[in-house]
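If you want the building blocks of each chain, they are given just below.
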Amino acid sequence: MTSVAGWAAASTPGAFPPLPRAVAQAFYRRMRAVAPAAVGALERDRATDPEQPFSDTACGRLAGSLDDAGLRALGMWTHHWCMRFYDDDTRVGRRLVREIAARPGLGWTPDEVHWMLRESVSAGPAAADRFTLPRAAAAQLPPADRPHPASWPEVEVPRQRRPDPFH
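The present account deals with the structure reproduced in this document.

Parameters and conventions
- Residues numbered from 1 in each chain as written.
- Predicted model: local features only at pLDDT ≥ 70, side-chain atom pairs only at ≥ 80, totals over all residues.
- Heavy atoms only, no water.
- Buried < 20%, exposed > 50% of the residue type's maximum accessible area, 1.4 Å probe, protein only.
- Helix = DSSP H or I, 4+ residues; strand = E, 2+ residues; numbered from the N terminus.
- Contact = heavy atoms within 4.5 Å.
- Expected span 1.5 Å × (residues − 1).
- Axes fitted to C-alpha atoms, helices over the stretch in contact; angles between N-to-C directions.
- Left-handed = near helix turned anticlockwise from the far one by under 90°.
- Nonpolar A, V, L, I, M, F, W, Y, C, P; charged D, E, K, R; others polar.

Structural notes on helix α5 (residues 91–101)
Then, in step 1: When we look at burial in α5, the residues that qualify are Val92, Gly93, Arg94, Leu96, Val97, Ile100 and Ala101.
Then, in step 2: Summarising the contacts, the buried residues of α5 are in contact with α2 (21–46), α3 (58–65), α4 (68–84) and α7 (132–139).

Following this line, the structure appears as structure tokens:
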């Protein structure tokens, strides 16, 4: 499992201190534990009605079956997946990220938040939803553990293409 920027981005200096390799590897182990179920749920939900209530979707049922630690791992995996494959096909994944981001009290750790922030910064502005989960998770941290607001990059929203009037 690699990110859009790979291990180099996760371990290089920047606004967010690099994580020790053992910490990052622990995240990947936890994410690999939920990945098979997540992939199956995302695939099933791609084939269903996008307006279906979240609780009635495969992703909703999976999220409902997990404890807080499992839900954090699912959120991190889905965030990671969306950063790697950001395109129209990630609609279901972005919905899952938004649903997890809306859940209070998941017990996010500062390391988890910093890891997601580094992933988001590395993804670049093409991934407009890249800060949804890290911002929500950071808001749940104690004030002393929250990333300083000045360290958050500006979010650039991609411009919509205008229809070509000549075609």
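Having seen it, we continue.
Considerations on the environment of Ala138
Then, in step 1: Relative to the helices and strands, Ala138 resides in helix α7.
Then, in step 2: With a relative accessible area of 5%, Ala138 lands in the buried category.
Then, in step 3: Taking the C-alpha atoms as reference points, Ala138 and His114, 24 residues apart in sequence, are found 8.6 Å from one another.

Points about helix α6 (residues 110–123)
Then, in step 1: Look at α6: 20 Å from first C-alpha to last across 14 residues, which is about the 20 Å you get at 1.5 Å a residue.
Then, in step 2: Residues of α6 that are buried: Glu112, Val113, His114, Trp115, Met116, Leu117, Arg118, Glu119 and Ser120.

Quick word on the packing of α4 against α5
To characterise two packed helices, one gives the angle between the axes of the helices and the distance between these axes.
Then, in step 1: Axis separation between α4 and α5 bottoms out at 9 Å; the angle between their running directions is 140°. Helix-helix and strand crossings are classified by hand; for α4 and α5 the assignment is left-handed. On α5, the residues touching Leu71, Leu74, Gly75, Thr78, His79, Trp81 and Cys82 of α4 are Gly93, Arg94, Leu96, Val97 and Ile100.
Then, in step 2: Residue composition of the contact of α4 with α5, grouped by class: seven nonpolar, four polar and one charged.

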